[in-house]
Every structure is written in C-alpha cells, then in structure tokens.
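Next come the chains, spelled out residue by residue.
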Amino acid sequence: MTVVEATGVSKQYGPLTAIDQLSLHIDEHKLIGLVGRNGAGKSTLLKLIAGFIKPSAGTIKVFGATPFNNLMVSAQTILIYDRLPFVPSLTIEECLEIMGQFYANWDHELARKLCHYFELNFKADPARLSKGQQNTFYTILGIATRSPLTLLDEPTLGMDKAVRTDIYRLILKDYLHHPRTLIISSHLIGEMADLLEEIILIDRGKLLVHQPVDELSQAVIRLQGSQAILDPLLNRFEVFEQHELGKGTVSLVIKNELSQSMINHLKSKQVKISPLALDEVCVYLTKNSRGGIDDVFKDNWPVQ
Amino acid sequence: MTIDPDGTKPIYIQIAEWLETEILAGHIQADEKVYSQYQLADMFNINPATAAKGLKLLAEQNILYKKRGLGMFVSGQAYDIIRQRRKNETLLDLARSLLTEATRLGLHEQELIDLIKSLYRQQQNEQKGGEPHDRRGGHGGE
C-alpha cells in the first residue's frame, strides 16, 4: 500500500525555494532515513507530509488524501520535532496523559517504562530538560504513539552516544513488533544505516536518490592505484575527489558505474577498490560545485 | 557480490555467511527451521528487510527451502553446497592472498608449505579432546 505520494511538489518561502518540484513514492511499513545537508529541505518535506503546511505547487497525498487540514491524516500521522507545541507548565506525566487522548494506538505503559528507563522525572517540565533529554522524551512520545505514519525530524539532536544507541535499538524493537511507516531525518546516518531499509537523499529542495540502503552504499567508491591505470577513468566517470599518494599513485573517489569486467581489469592491475561508509557516500553526492573549503582560502591565506 | 574482500561486506551477505557457518558447525541441522527475518533483525540490530535478503540469498542456492506459512528450513544438501562453494571460492581466495604476501616477502615454496604444516598441526593438537572437527555424523536424514 502507498502511504505517501508526492507529485511535482514545491514549497516557496518568499524568495527561497525550500522544496523544488519533488516527486516521491513511499510504501507502507518501511523504515526510511531522510538525509540532506543543512537547509536541504528535510524539515519542510516532513511538514508537507504531515499536513502542517501546504505546498506552493504540485500535489501530495498521504493515505490517499491531501494531508493539509485533514483529520483522517492527522489521526494516523505524528511529526516529532524539537519544538513540540506543548502548553508550558505541563509536566511529563501530564503530557503522556494528553497523548493518550489524541492517538488511538498510544501505548501508555511503554511510554512510562521508557521515561523511567531514561531517568526522566515524571513531575518535570519538559521545557526545562536538557536538549538531549528533551529529544529523548519527544522520541518516546513519537514511538509510543504507534502512528501508522511516524515522522521523526532529527530525533537524536543533543543526545549523547549511549542514549543514541539505546534510541536506535528502541526504534527497531518497536518497529519489529508493530510494523509501520517510519521516516527519520538525521545527520548521523552512518550510525543508523543498519537500521534502515531505504534512504531518501535530498539536496537543495530536490530529490537526489531514493534507494535501498545497500544499493546506495555502493553508489560511490574509492580507487587507489597507479596513475597510468587510473588516469583514463577521469573523463569517463564522475570524479568527486582525486589526490596523489606518493610517487605515481593516485586515489580517486568516483561514481560507481564500473562494469564487472572493468572491476576485474582494475583488480588485475593492483588497483585497490574500496567501498565508502554510507554517510561519506551521501556527502560526496551532495558536494557543492564550489570546490572544498581550501579553495576559499587558496588566494588570500598562504601558510608561511 | 562484494566489491573488495578487504572492505566491509554488505550486511545481508554477512548474515548469509553467519547462517552458513552455523550450518557448517552443526548448530542448525537439515530440515530444522532457521531464524526468521525478525529474529535475525533483533539479534543483529538490523533492518528486517536486510535479514530477509540474506535468507533469500541462501534460498536461491538451495541451502534453505521455504515451507509456506512456517518459515525457512535447512535443506538436506545444505552442508555439502556450503562446503563445496566455500572450498572453491573463499578458501581459494584466501590461499591466493597468502601466496601474494609470501611472494612479496620472498618466501620459498618449501618455507610456505612448512609454515602451513606447522600451523595445521598446532590447531589439530589444540582441538584434541574437544569437539570432533567434522560434525557431518550429526546430520540426519541422509
């Protein structure tokens, strides 16, 4: 079953194009990572799907209906982000009670157990928690709601490593018991890679790739070998990075469009072919065309 | 299909290899049910679709077979298929790497053979009194 269908969706904020003619198709019961650089449009996309905002152009359907101002869609969707609009003065315990009144699948027992595990004080005001604890609390809300469509926008912001590891495990565990569609945006996609089935990578408001994780992991590769062997590749494939390593040896990062016979040929010439981590792949695919940070300093700041 | 034996293998292949090793060790016998994609996902902290892909890979090689509504089971030929393929592919690749390094170090043929012989004897001695090396006797139904 299709959960999200976006067709040519754009969102304009004054002069800024946050989402640019984006089309997307999301099937049910998938655990998906949403990745992109700062300002790529991740949060805007999630808000469009949740029906918080209206597209400037194009159509978006969630559970077959337009999500904006739609009760059927809101009842089945939750969007968790770091500025949830709870009434100030409410305690954690009171927030949990309220969630149960709004969401049909809410698991109160699970929410209480998780708050206890993460040592969140039931009498505390969520607004006064540290950033990491606040996001832990919000993620607990997002998971215990068990919405058929659960959207988590940067859930791990401010969390320490130990808490993040627990949060990933908690998301997976609950997903295994209660399959549903989960979209999680994060800058720490490397940490989450094993958890995910698919990745949506957006760049400057456009959809760059929507692929199974293991396919995307192989989309970019690093080659190391003799310059004479690797030079002919330079104008045949998209090159993201090249530098020299000692005498006559180069290291290239290229888009992996190598045929099997090409791979065999390179291996026979002692070229080392290695895969990159998923987060590195995403960085290369969204690299801007203005070179690297060194180019900014190139003319003005020679180091003596 | 791995890009490079030195690099990290895709998780679904690692899952398939782990199951193969379990079968080789006799921990899962012929016609016994293997772990479901959800159990594997929980055990290895991975997405269940990735685990399913590992199971599918083994089913395509007739190492596992499917019983409708019951799950995946180890086939009667599983042990032989895995052993044969690992011998022809994995072991041969390892031997090639060994040979490349030995050549780089300027080792003579006899030195290399002596090295392997002494390692082999060492391992045999360590295993004496422990579990028998070949557990095929434990496989039923043949």
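Our subject is the structure listed above.
Report on the accompanying structure. (Residues numbered from 1 in each chain as written. Chains lettered and ligands numbered in written order. Predicted model: local features only at pLDDT ≥ 70, side-chain atom pairs only at ≥ 80, totals over all residues. Heavy atoms only, no water.)

Here we look at the environment of Gly 248 of chain A
All names here are of chain A.
1) Next: Relative to the helices and strands, Gly 248 resides in the loop between strand E11 (239-244) and strand E12 (249-255).
2) Next: With relative accessibility at 41%, the residue Gly 248 sits in the partly exposed group.
3) Next: Taking the C-alpha atoms as reference points, Gly 248 and Gly 225, 23 residues apart in sequence, are found 8.4 Å from one another.
4) Next: Once you skip the residues sitting within four places of it in the chain, Gly 248 turns out to touch Gly 225, Ser 226 and Gln 227. (Helix = DSSP H or I, 4+ residues; strand = E, 2+ residues; numbered from the N terminus. Buried < 20%, exposed > 50% of the residue type's maximum accessible area, 1.4 Å probe, protein only. Contact = heavy atoms within 4.5 Å.)

A word on the nonpolar core
1) Next: Membership of the largest hydrophobic core comes to 88 residues, with the highest contact counts inside it found for Ile 49, Phe 137, Leu 141, Leu 149, Ile 183, Ile 199 and Val 220 of chain A.
2) Next: Among the elements that line this core, the one with the most residues is helix H6 (residues 161-177) of chain A, at eight residues.
3) Next: Ile 199 of chain A has contacts with Gly 33, Val 35, Ile 189, Val 209, His 210, Gln 211, Val 213, Leu 216 and Leu 278 of chain A, leaving out every residue within four places of it along the chain.
4) Next: Listed in part, the 17 residues of the second largest apolar core include Leu 19, Leu 40, Ile 46 and Leu 64 of chain B. (Core = buried A, V, L, I, M, F, W, Y, C linked by side-chain atoms within 4.5 Å.)

Examining the side chain of Thr 181 of chain A
1) Next: Here Thr 181 of chain A lies in strand E7 (residues 181-185).
2) Next: With residues near it in sequence (within four places) discarded, Thr 181 of chain A still touches Val 3, Ile 26, Asp 27, Glu 28, His 29, Lys 30, Pro 148, Leu 149 and Thr 150 of chain A.

Focus on the interface of chain A and chain B
1) Next: Each partner contributes to the interface: chain A provides 20 residues, whereas chain B provides 20 residues.
2) Next: Among the residues chain A hides against chain B, the three largest losses belong to Leu 176, Asp 194 and Gln 218 of chain A. Together they make up 31% of the total.
3) Next: On inspection of chain A and its partner chain B, the count reaches three salt bridges.
4) Next: Between chain A and chain B we count six residue pairs in polar contact (both at pLDDT 80 or more) in total.
5) Next: The set of elements that each furnish at least two residues to the side of chain A that touches chain B consists of H6, helix H10 (260-268) and strand E13 (272-275) of chain A.
6) Next: Sort the elements by how many residues they give to the side of chain A that touches chain B and H6 of chain A lands first, with five residues. (Buried area = accessible area lost by both parts, 1.4 Å probe. Salt bridge = Lys/Arg side-chain N within 4 Å of Asp/Glu carboxyl O. Polar contact = N/O pair within 3.5 Å; in protein donor to acceptor, adjacent residues only side chain to side chain.)

Some remarks on the state of the cysteines
Residues and elements named next belong to chain A.
1) Next: Under the counting rule described, the total for this entry stands at zero disulfides over all chains.
2) Next: With no disulfide of its own, Cys 95 lies 9.4 Å from the sulfur of Cys 115, the closest cysteine sulfur.
3) Next: The exposure class of Cys 95 is buried, given its relative accessible area of 0%. (Disulfide = S-S within 2.5 Å.)

Brief notes about helix H5 (residues 131-144) of chain A
Residues and elements named next belong to chain A.
1) Next: Between its first and last C-alpha atoms H5 spans 20 Å; for 14 residues at 1.5 Å apiece the expected length is 20 Å, and the two agree.
2) Next: Counted residue by residue, H5 has twelve buried out of 14 residues, so it is predominantly covered.
3) Next: Regarding H5, the residues found buried are Gly 132, Gln 134, Asn 135, Thr 136, Phe 137, Tyr 138, Thr 139, Ile 140, Leu 141, Gly 142, Ile 143 and Ala 144.
4) Next: Tucked into the core, H5 has its buried residues touching strand E5 (77-80), helix H3 (92-102), helix H4 (108-117), strand E6 (149-153), H6 and E7.
5) Next: Count one or two residues on from H5 and you reach Arg 146, which has phi positive near 50 degrees. (Expected span 1.5 Å × (residues − 1).)

Thoughts on the sheet that holds strand E10 (residues 220-226) of chain A
Residue and element names in this part refer to chain A.
1) Next: The antiparallel open sheet is built from four strands, whose spatial order is E11-E12-E10-E13. Edge positions in the sheet fall to E11 and E13, since each has one partner strand and no second. Ignoring strand direction, the axes of neighbouring strands in this sheet form an average angle of 15 degrees.
2) Next: As judged from the seven bridges shared by E10 and E12, these two strands associate in the antiparallel manner. Paired with Ile 221 across the strands is Ile 254, a residue of E12.
3) Next: Helix H11 (residues 278-285) contacts E10, E11 and E12 of the sheet and is inclined by roughly 90 degrees relative to E10. (Pairing = 2+ DSSP bridges. Axes fitted to C-alpha atoms, helices over the stretch in contact; angles between N-to-C directions.)

Fair warning: the whole summary comes from geometry, so function is off the table for now.
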